[in-house]
Amino acid sequence: DPQQTELAVASKRKLRRFIVIDEVVDKLYGSKVREYFEENNVQHRILALPTTEETKSMDLVLNILHEVQNFSLDRRTEPIIAIGGGVCLDIVGLAASLYRRRTPYIRVPTTLLSYVDASVGAKNGVNFLQCKNKLGGYTPPVASFLDRSFIQSIPRRHISNGLGEILKMALMKHKGLFDLLKNHGKYLLDTKFQSYNGFADHRDAALQTTRIAIETMLEELAPNLWEDDLDRLVDFGHLISPELEMRVLPSLMHGEAVNIDMAFMTYVAHARGLLDAEEKEQILQCMRGLELPVWHSGCSWALIQRALRERLKHSGGQPRMPLPTGLGVADIFNDTSEETLERAYELWVKD
């Protein structure tokens, strides 16, 4: 709001900001963050925390809230800033939503996964009783600031992890995005999504890929921000993966677990006759090219059955199963038989 900016600049009151930063990000970029606030004469408190799937709990939320209370944050004019990966953004979002019923917050994603996924939408949450994101709410940030230069410092496996969520949107909604991933996947991994001059054949694949992924995600989420409609294409890859991810922690990252789920669902789509053999193979080859796992021994038939039963509990008694019906097109199905699922599983295991 330009008026608020003008008032803030004209005000004699010193600007104040409370920042939560992942401790790994703090080691890499903390000095730059501190220098920024000092240069701009902003009174600040930076809280560096270990934000991992294993620490994603209400205890960490309460820790943040104690520090916020000590800082005496003004809930109207002083947004909390979260700098980190998806776990950090989720935890801080929940803390902000609880403090004085709702305090504004800003997301600054530093991983590829959080850049294209957690930065978009209203969800926040923490794990509870060994269940992923069992506690949480829907409080959108006042802003998300996206800067791909953060991504250059993350390990290659983390880049691949983020590519899992990008591939999800490609398979559900955008054949052009699928082609980008298929043709430029190795280049994106090698260059860590940085833009370079002199690579004309790649036509800034990093910018195109992230932009399309975010735009397609927004198309799906914006009209249904509070999930009033439970038929969601963005749930592709998220039927089996929550159960699998929590069961095998910390061996699988989120995007990897999502991709294993998507690989199985690709076989389900093939078993239903929605994908032909060539399309199925193209998807699996693309996954391998992005260095994503297409199988995990922990994904047993019993786990799949348990995960789908859990799905029924939280989706109005219907499986609401998003499945690809081609490359870049999809639909939601409620009539996949147990026999089809088992046949798909057997073929998946065999392959």
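Remember, it's a predicted structure, so these values are computed and weren't measured experimentally.

Colleague: Even after reading the chapter, I still don't get the sheet that holds strand β2 (residues 43-49), so can you show me in this structure?
Modeller: The pairing of strands in a sheet happens through backbone hydrogen bonds and is either parallel or antiparallel. Taken in spatial order, the 5 strands of this open sheet run β2-β1-β3-β4-β7, and their pairing is parallel. Looking at the sheet topology across the chains shown, the edges are occupied by β2 and β7 (143-144). Sheet analysis places strand β1 (residues 16-22) next to β2, joined by 7 bridges and oriented parallel. Across the sheet, D22 pairs through a bridge with L49, a residue of β2. Across the sheet, helix α2 (residues 23-39) touches β1, β2 and β3 (80-84), and the angle it forms with β1 is around 160°. Where helix α3 (residues 58-71) meets the sheet, its contacts fall on β1, β2 and β3, and the angle it forms with β2 comes to roughly 165°.

Colleague: Help me out: how do you make sense of unusual backbone geometry in this one?
Modeller: Phi is mostly negative for residues that are not glycine, and the peptide bonds are mostly trans. Along the chain, L249 connects to P250 via a cis peptide bond; the corresponding omega equals 0°. Residue position: P250 is located in the loop between α9 (241-248) and α10 (254-271). The backbone phi angle of K192 is positive, close to 50°, even though this residue is not glycine. Of note in the backbone geometry, E291 takes a positive phi value of approximately 60° without being a glycine. Secondary-structure assignment places E291 in the loop between α11 (277-289) and α12 (301-314).

Colleague: Any chance you could explain the UniProt feature "domain: 3-dehydroquinate synthase N-terminal" (unreviewed entry) in the protein here in plain terms?
Modeller: Mapped onto this structure's residue numbering, the UniProt feature "domain: 3-dehydroquinate synthase N-terminal" (unreviewed entry) falls at residues 48-160. For residues 48-160, helix accounts for 35% and strand for 25%, while the C-alpha atoms at its two ends are 26 Å apart.

Colleague: What exactly am I supposed to notice about the pairing of strand β9 (residues 330-333) here?
Modeller: In summary, the side chains of a regular strand alternate between the two faces of the sheet. As paired strands, strand β8 (residues 321-324) and β9 are joined by 4 bridges and run antiparallel to one another. Across the sheet, L323 pairs through a bridge with D331, a residue of β9. Hairpin remark: β8 followed by β9, antiparallel, with 5 residues in the connecting loop; positive phi at G328, about 90°.

Colleague: Can you help me understand the side chain of E256 in this one?
Modeller: Position of E256 relative to the elements: it lies in helix α10. Given a relative accessible area of 7%, E256 falls into the buried group. With sequence-adjacent residues up to four places away left out, E256 is seen in contact with R157, N161, S251, L292 and P293.

Colleague: Explain the packing of helix α7 (residues 175-191) against α11 to me, please; I cannot follow it from the model alone.
Modeller: Between two packed helices, what matters for the description is the angle formed by their axes and the separation of those axes. Between α7 and α11, the least distance of the axes is 9 Å, while the angle of their chain directions is 20°. Overall, the two elements α7 and α11 adopt an arrangement that is roughly parallel. By crossing handedness, the relation of α7 to α11 is classed as left-handed. Touching F178, L181, K182 and L189 of α7 are Q282, I283, C286 and G289, all from α11. Grouping the amino acids of the contact of α7 with α11 by side-chain chemistry returns 5 nonpolar, 2 polar and 1 charged.

Colleague: It is not clear to me how the pairing of strand β4 (residues 105-109) should be interpreted in this structure. Could you clarify?
Modeller: The element β4 is largely enclosed, with a buried count of 5 among its 5 residues. Residues Y105, R107 and P109 line one face of β4 and the alternating positions I106 and V108 line the opposite face, and both faces are buried. In this structure, β3 lies alongside β4, joined through 5 bridges in parallel fashion. Within β4, the residue paired with I83 across the bridge is V108. Crossover β3 to β4 through helix α4 (residues 86-98) is right-handed. In this structure, β4 lies alongside β7, joined through 2 bridges in parallel fashion. When the sheet's bridge partners are listed, I106 is paired in β7 with A143.

Colleague: Please clarify how the side chain of D261 should be interpreted in this entry.
Modeller: If you trace the backbone, D261 turns up in helix α10. Beyond its immediate stretch of four places on either side in the chain, D261 contacts G237, H238, L239, I240 and S241.

Colleague: Would you explain the domain arrangement of the protein in this entry?
Modeller: In many analyses, interface size is given as the accessible surface area lost on bringing the parts together. When cut into domains, the protein gives domain 1 (16-151) and domain 2 (155-223 + 231-350). Counting residues at the interface gives 19 residues for domain 1 and 28 residues for domain 2. For the pair domain 1 and domain 2, the summed buried area comes to about 1,900 Å², and 68% of that belongs to carbon and sulfur atoms. On inspection of domain 1 and its partner domain 2, the count reaches 2 salt bridges. For E245, the salt bridge goes to K132, with nearest N and O atoms at 3.3 Å. Where domain 1 meets domain 2, there are 4 residue pairs in polar contact (both at pLDDT 80 or more).

What counts, and at which threshold
Residues numbered from 1 in each chain as written. Predicted model: local features only at pLDDT ≥ 70, side-chain atom pairs only at ≥ 80, totals over all residues. Heavy atoms only, no water. Pairing = 2+ DSSP bridges. Helix = DSSP H or I, 4+ residues; strand = E, 2+ residues; numbered from the N terminus. Contact = heavy atoms within 4.5 Å. Axes fitted to C-alpha atoms, helices over the stretch in contact; angles between N-to-C directions. UniProt positions renumbered as here; feature names shortened; annotations may be inferred. Buried < 20%, exposed > 50% of the residue type's maximum accessible area, 1.4 Å probe, protein only. Parallel < 35°, antiparallel > 145°, perpendicular 65-115°, else oblique. Left-handed = near helix turned anticlockwise from the far one by under 90°. Nonpolar A, V, L, I, M, F, W, Y, C, P; charged D, E, K, R; others polar. Right-handed = clockwise from strand over helix to strand, strands pointing away. Domains from an automatic or database assignment. Buried area = accessible area lost by both parts, 1.4 Å probe. Salt bridge = Lys/Arg side-chain N within 4 Å of Asp/Glu carboxyl O. Polar contact = N/O pair within 3.5 Å; in protein donor to acceptor, adjacent residues only side chain to side chain.

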